[in-house]
Amino acid sequence: MHISLESIIFSHDNTSLHFVEFRLVGLCFKLTLTSLNECLTGNVSPVIRFNVPSTSGNEHTYVEQAMRSGYLASGGPFSTRCSQLLQEAHECAGVLMTTSCTDALELTALLLDIAPGDTVIVPSFTFTSTALAFARQGANLRFADIERRTMGIDVESVAALLDDSVRAVVCVHYAGIPCDVDGLRDLLAEFPKVVLIEDNAHGLFGEHKGQKLGTFGRFSTLSFHETKNFQCGEGGALLIRSEDDTERAQVLVDKGTNRKAFLLGNVDKYSWRDTGSSFGISDLQAAFLYAQLERATEIQAARANLTAMYRERLEPVAPELNLSLPSVPDSCRSAHHMFYVLTTTQAVRDNLISECKGRGVNMAFHYVPLHSSEAGRRFSDTDQDCPVSTDVSARLVRLPFYTSMRSQDVEHVVQVMTEVIRTS
Ligand SMILES: *Cc1c(COP(=O)(O)O)cnc(C)c1O
């Protein structure tokens, strides 16, 4: 076959070539400089993204099934399947699927009737939602520091903040590594009115001494945001330990109505009963999510494998590169949400991120401590110092980590970061 070339355009400025465009009988092909270079040299330098939202393969099938079923709103068949799966995994009284983890935390604040005059203790080193959900109900916030070992809330710091105004303590299992759950339980045993809440956005399927994360608190929340282990773009869940809380939560989740009881045939009409909002997830999103949750074992195994590979490659060079790696306490199992390292100083960390980005490897720092943030100060009655949060926030860097990451990607990340640190 013979195709004639109609035109060829070289787009350039005085110093460099931008792209080359070929026109072949009505078809147009455009090569950028990078792809041209790659074609000519055969030398392809991969770009490693920080996160790639995971998919399992069955999302299309289930979303299509949801579309055909005609049930797209909240409380649909896929939402029910997701909550049943999570309820069985956690052996709790109830699971409500929500539009986000933030929503699940807001629902928690409503269920506890948090109001002005109440204090809630949250870690300083966490995402804003952990604190925001309570602040918007009028709560006064107190920020506890974190401990270096797990990056979770520091029990001694919590103890120093407790008084009669405290209604709840929220903990986070950072990176999927269990926080000091035993220490928290021992401390709170002396304060029976203080409720423990787990913001378990990182810790789904992680374990502490054989017990699932998310089963220690009276309430625990999950996130299915695209950056999490299991995702549907935006999504979340509230896990509830007691039957009583579950019954009220079913009203609050559904615009304050007892529609759930009506659908179950327990009442003959439904009406407005209580406070609440529209917290429920659409069944289209639940369908997408279910495709991933049903493959939890596979997805978690792939992520555990990535953690193991990072460790294996980084442990031998960590002393030379002045990096410290995370550690998982004995008898604990991480949920493998992310992989982070600590550098010696903020300057080293910032340089590592920018140099690696220049070489196509995308890393990220993490939370700016809430106690030092503008809103954090506004919503708090005490001017707190959280030295570990401040220190860790300056030196922590998260490495690329996502379920579909391949072993050669991990090799490449470690190779690039090793080169960058050695030559800096
Ligand atoms: C992601 C995250 C949230 C918020 O989750 P959304 O589902 O986006 O609302 C809350 N807390 C922590 C610790 C998180 O990592």
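Residues numbered from 1 in each chain as written. Predicted model: local features only at pLDDT ≥ 70, side-chain atom pairs only at ≥ 80, totals over all residues. Heavy atoms only, no water.

Asks: Help me understand the overall build of the protein in this model?
Replies: For the protein, the count of helices and strands is 16 helices and 15 strands. Across the 424 residues in the protein, those meeting the buried criterion constitute 51%. Pairs at least 24 residues apart make up 67% of the contacts formed inside the protein by residues separated by at least 6 positions. (Helix = DSSP H or I, 4+ residues; strand = E, 2+ residues; numbered from the N terminus. Buried < 20%, exposed > 50% of the residue type's maximum accessible area, 1.4 Å probe, protein only. Contact = heavy atoms within 4.5 Å.)

Asks: Before we go on, may I ask you to explain the environment of phenylalanine 262 in this structure?
Replies: The topology assignment puts phenylalanine 262 in helix α9 (residues 259-263). Residue phenylalanine 262 is classed as partly exposed on the basis of its relative accessible area, which comes to 32%. If near-sequence neighbours (up to four positions away) are discounted, phenylalanine 262 is found in contact with Val267, Asp268, Lys269 and Tyr270.

Asks: Which parts of the structure should I look at to understand the packing of helix α2 (residues 59-69) against helix α10 (residues 283-293)?
Replies: Packed helices, taken two at a time, are described by their axes: the angle between them and the distance between them. Two elements in contact, α2 and α10, have axes separated by 8 Å at closest approach and are oriented at 150 degrees. On the basis of their axis angle, the class for α2 and α10 is roughly antiparallel. Once α2 is placed against α10, the crossing between them reads as right-handed. Every residue of α10 that contacts α2 at Glu59, Tyr62, Val63, Ala66 and Met67 is listed here: Asp283, Leu284, Ala287, Phe288, Tyr290, Ala291 and Gln292. In the contact of α2 with α10, the residues fall into nine nonpolar, one polar and two charged. (Axes fitted to C-alpha atoms, helices over the stretch in contact; angles between N-to-C directions. Parallel < 35°, antiparallel > 145°, perpendicular 65-115°, else oblique. Left-handed = near helix turned anticlockwise from the far one by under 90°. Nonpolar A, V, L, I, M, F, W, Y, C, P; charged D, E, K, R; others polar.)

Asks: Can you walk me through the pattern of salt bridges in this structure?
Replies: Where charged atoms from two side chains of opposite charge come close, those side chains can pair. Within the structure shown, the criterion is met by 26 salt bridges. Of the charged contacts in the structure, one is a salt bridge between arginine 185 and aspartate 182, with a shortest N-O distance of 3.3 Å. In this pair, arginine 185 and aspartate 182 are both assigned in helix α7 (residues 181-189), three residues apart and thus about one turn of the helix distant. Taking relative accessible area as the criterion, arginine 185 reaches 37% and is therefore assigned partly exposed. The exposure class of aspartate 182 is partly exposed, given its relative accessible area of 22%. Salt-bridge contacts for aspartate 182 lead to lysine 209; the nearest nitrogen and oxygen are separated by 2.4 Å. One end of the pair, aspartate 182, is in helix α7; the other, lysine 209, is in the loop between β9 (207-208) and β10 (211-212), with 27 residues separating them in the sequence. Look at lysine 209 and you get exposed, because its relative accessible area is 53%. Via salt bridges that share partners, Asp113, Arg248 and Asp274 belong to a single interconnected network. (Salt bridge = Lys/Arg side-chain N within 4 Å of Asp/Glu carboxyl O.)

Asks: What exactly am I supposed to notice about α2 here?
Replies: Two residues of an α-helix separated by three or four positions point the same way, owing to the 3.6 residues in each turn. For α2, the complete set of buried residues consists of Glu59, Tyr62 and Ala66. Looking straight down α2, one finds that the buried residues subtend no more than 75 degrees of arc, so they occupy a single side. Across α2 from its buried face, at more than 90 degrees, point the exposed residues His60, Met67 and Arg68. Directly beyond the C-terminal end of α2, a positive phi value near 80 degrees is found at glycine 70. (Arc of directions from axis to C-beta.)

Asks: Where do I start with the side chain of threonine 221 in this structure?
Replies: Along the polypeptide, threonine 221 turns up in strand β11 (residues 219-223). Apart from residues no more than four positions distant in its own chain, threonine 221 is found in contact with Cys101, Ala104, Leu105, Thr108, Glu198, Asp199, Asn200, Ala201, Ala237 and Leu238.

Asks: What am I meant to see in the site of the ligand here?
Replies: Around the ligand there are 15 residues in total, and Thr102, Asp199, His202, Ser223 and Lys228 lie nearest to it. Take cysteine 101: an N or O atom from its main chain is 2.9 Å from an oxygen atom of the ligand. At 2.7 Å from an oxygen atom of the ligand is found a side-chain nitrogen or oxygen belonging to serine 223. Elements with a minimum of two residues in the shell around the ligand: α4 (101-111) and α5 (128-135). Partitioning the shell around the ligand into residue classes produces four nonpolar, nine polar and two charged. (Near = heavy atom within 4 Å. Polar contact = N/O pair within 3.5 Å; in protein donor to acceptor, adjacent residues only side chain to side chain.)

Asks: Mind showing me how you'd approach the sheet that holds β10 here?
Replies: Sheet strands associate in pairs through backbone hydrogen bonding, adopting either a parallel or an antiparallel arrangement. Read from one edge of the open sheet, three strands run β10-β9-β13, paired in antiparallel fashion. If you trace the sheet from one side to the other, it starts and ends with β10 and β13 (332-333), each paired once. Inspection of the sheet shows β9 paired to β13 by two bridges, in the antiparallel sense. Looking at β13, one finds that glutamate 207 is bridged to arginine 333. (Pairing = 2+ DSSP bridges.)

Asks: Help me out: how do you make sense of the packing of aromatic side chains in this one?
Replies: Centre-to-centre distance and the angle between the planes together describe a pair of aromatic rings. Evaluated as defined, the whole model comprises twelve aromatic pairs. A centroid spacing of 6.3 Å and a plane angle of 50 degrees characterise the contact between phenylalanine 78 and tyrosine 290, whose relative ring orientation is tilted. Taken as a pair, phenylalanine 78 in helix α3 (residues 77-90) and tyrosine 290 in helix α10 lie far apart in primary sequence, 212 residues in all. The class for tyrosine 290 is buried, based on a relative accessible area of 12%. (Phe/Tyr/Trp six-rings, centres within 6.5 Å; stacked < 30°, edge-to-face > 60°.)

Asks: It is not clear to me how unusual backbone geometry should be interpreted in this structure. Could you clarify?
Replies: The phi torsion of most residues other than glycine is negative, and most of the peptide bonds are trans. The phi dihedral of alanine 175 falls on the positive side, at around 65 degrees, and the residue is not glycine. Along the polypeptide, alanine 175 turns up in the loop between β7 (166-172) and α7. The backbone of lysine 255 sits at a positive phi, close to 55 degrees, despite the residue not being glycine. Assignment of secondary structure puts lysine 255 in the loop between α8 (243-252) and α9.

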